[in-house]
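# Breakdown of the fold
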Amino acid sequence: MTAGPHLEHLDGLSLELRRGALVLGVLSQLSEEQYGYSLKKLLADAGLEIDEGTLYPLLRRLESQGLLSSTWRVQDGRPRRYYKISAGGKSTLKAMTAEWESLAKAVGRLLK
Amino acid sequence: MTDREKALGLIHRYAHEVAAWLPRKQREDVTTELRALLEEMLDERALHGDRPADEELAVAVLKEFGEPSKVALRYQPEPEYLIGPEWFPYYKFWSLVVLIVLAAVMGLAIVFSALGGPGDRLPDLLGRHGLVDMVLNFMQLAVLNIGVLTLVFAVLERVFKQKPGAKPEDWNPRDLPAVKDPDRISEGDLVFKIYAIAVLATLLNFYPQWFGILYITDEGARAVPLARLGIVLPATLMNIWWAGALTLNMWLLRERRWTRETRWAELMLGAFGAFILWAAIAASNLPDVENWRDFVDPRRVERLAWLGFRVVTFSMWIALVLTLVETVVRLVRILRRYPVAP
């Protein structure tokens, strides 16, 4: 028996696993204003790689859900949209962090 | 044009293409933001890779970013459906039923035409031209019916999305219906009624010539429309009835339960339907056979016109009696189930 059939859904499963973590990561880094590209670098420096085609739409979605606020500003001759966590985003982040910690502990125990 | 200008032109086209998939109010904003971000990505890659920010690098950056339609999809908070996953199994089932019924009706029509006329017509009917006609007729009917069915389900999808109080947290196990619950609706029954009403209303309004009796001549089967038979259908009243019946069935589907009010509405619709039938019978008269002489054997024209008129009016009388009986039965049921307080 080959490993192939077991791994064929790995990409989809990994994506599912990462989805919630990405939202948490993004919200956690926006207590200070960031624009898309600077946020990507910030996340990458912390070890959370996210491609731009996923990050930029995610920022818009979080903004439309009221978790982020944004303003346009011109910097270094470029127009940039700066995002910052909103009051609603802060309480969501707090709740999600608690959820994450409890989940991480439980899964950690299960995987031992 | 410099290499950098070419690269920026490509980015501009890309941002515009992504935005084209998004709602109009978002487009300008997303285009500006995407352009700025992609230009920054391009310059960053050029700086770190020690290479020019040219078209080739822009292609690599955009390929990595993703196909415009897929990127646009990520901007949508929820996927949009014409017919969503909740309704799709019903849609698939009824589409199949409609196609099977149409095929069966066409098969019966062929048998009827083959047996109903003089001589052996089967070789003509199943010949090359006969088969082509058959396939074309089937396709025409199938497209019309599936089109109406799709429209019905698209409306259901939207009506249900707006249903108030449908949030999961509002769900209460105590509200579960009893196993034998007379007020429970049958979803399949209602969906079929909505579809049938929509098809009949469409056909009677736009293709009234399809309704009538079938007359077999030496040249083949011919349909005699109701209007030529002297049958007068009160179109306005019928359209009011269609609208009322559609509204009631959609409402029931949305509320998922019969109530006293909807039972009364059903009763009133039945009575109104009976009135329409009576009005149609009263307004109809034996046809002027002069209209028929162009396509009916002159020796049989009067007999055929009389027979056609009587068959249709007799059917309408039967429908009227059945509707009245049904209305009385419904009235008795309502009065028993919801007795009027003294």
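Residues numbered from 1 in each chain as written. Chains lettered and ligands numbered in written order. Predicted model: local features only at pLDDT ≥ 70, side-chain atom pairs only at ≥ 80, totals over all residues.

## Some details on the overall build of chain B
For chain B, the count of helices and strands is eleven helices and two strands. Reading chain B from its N terminus to its C terminus gives the helix and strand order α-α-α-α-α-α-α-α-β-β-α-α-α. Here the contacts in chain B between residues at least 6 apart in sequence split such that 70% fall between residues at least 24 apart. (Helix = DSSP H or I, 4+ residues; strand = E, 2+ residues; numbered from the N terminus. Contact = placed C-beta atoms within 7 Å.)

## Points about the overall build of chain A
Along its length, chain A carries five helices and three strands. In chain A, the order of α-helices and β-strands from amino to carboxyl end is α-α-β-α-α-β-β-α. Residues counted as buried form 21% of the 112 residues belonging to chain A. Sequence separation of 24 or more characterises 40% of the internal contacts of chain A that already satisfy a separation of 6 or more. (Buried ≥ 20, exposed ≤ 12 C-beta atoms within 10 Å, placed from the backbone.)

## Considerations on helix H4 (residues 52-64) of chain A
Here H4 of chain A is 13 residues long and its end C-alpha atoms lie 18 Å apart, about the 18 Å a rise of 1.5 Å per residue gives. Along H4 of chain A, the residues classified as buried are Glu-52, Tyr-56, Pro-57, Leu-59, Arg-60 and Leu-62 of chain A. (Expected span 1.5 Å × (residues − 1).)

## What about the sheet that holds strand E3 (residues 78-85) of chain A?
Across the sheet, which stays open at both edges, the three strands sit in the order E1-E3-E2 (chain A) with antiparallel pairing between neighbours. Two strands bound the open sheet, and with one partner strand each, they are strand E1 (34-35) and strand E2 (68-75) of chain A. (Pairing = 2+ DSSP bridges.)

## Looking at the confidence of the model for chain A
Model confidence for chain A is summarised by a mean pLDDT of 88, while 95% of its residues fall at 70 or above. Per-element mean pLDDT across chain A ranges from 63 in helix H1 (residues 4-7) of chain A up to 95 in helix H5 (residues 87-111) of chain A. (pLDDT = per-residue confidence, 0-100.)

## A closer look at the interface of chain B and chain A
Facing 14 residues of chain B, the contacting portion of chain A comprises 15 residues. Mapped onto the side of chain B that touches chain A, the elements with two or more residues apiece are helix H2 (24-49), helix H3 (55-65) and helix H4 (68-75) of chain B. In terms of residue count, H2 of chain B provides more of the side of chain B that touches chain A than any other element does, seven residues in total.

## Some details on the pairing of E2 of chain A
All names here are of chain A. The sheet contact formed by E2 and E3 spans eight bridges and is antiparallel. The residue of E3 that forms the bridge with Thr-71 is Tyr-82. Connecting E2 to the antiparallel partner E3 that follows it, the hairpin turn spans two residues, and Asp-76 within it adopts a positive phi of roughly 55 degrees.

## Brief notes about helix H3 (residues 36-45) of chain A
Of the residues making up H3 of chain A, those classed as buried are Gly-36, Tyr-37, Leu-39 and Lys-40 of chain A. On an axial view of H3 of chain A, the arc spanned by its buried residues comes to 160 degrees, and they lie on one face. Those residues of H3 of chain A that are exposed and aimed more than 90 degrees away from the buried face are Lys-41 and Asp-45 of chain A. In the core, the buried residues of H3 of chain A are packed alongside helix H2 (10-28), E1 and H4 of chain A together with H2 of chain B. Gly-47 of chain A lies just past H3 of chain A and shows a positive phi near 100 degrees. (Arc of directions from axis to C-beta.)

## Some words on the confidence of the model for chain B
Per-residue confidence for chain B gives a mean pLDDT of 81, with 83% of residues at or over 70. Within chain B, the element-level pLDDT minimum falls on helix H6 (residues 122-125) of chain B, averaging 59, and the maximum on helix H10 (residues 260-283) of chain B, averaging 93.

## Observations concerning unusual backbone geometry
All names here are of chain B. Positive phi, close to 50 degrees, is recorded for Asp-50, a residue that is not glycine. Within the secondary structure, Asp-50 sits in the loop between H2 and H3. Taking the C-beta count within 10 Å as the criterion, Asp-50 has 6 such neighbours and is therefore assigned exposed. Here the phi dihedral of Arg-256 falls at roughly 65 degrees; this positive angle occurs in a residue that is not glycine. Secondary-structure assignment places Arg-256 in the loop between helix H9 (235-255) and H10. You can call Arg-256 partly exposed: it has 14 C-beta atoms within 10 Å.

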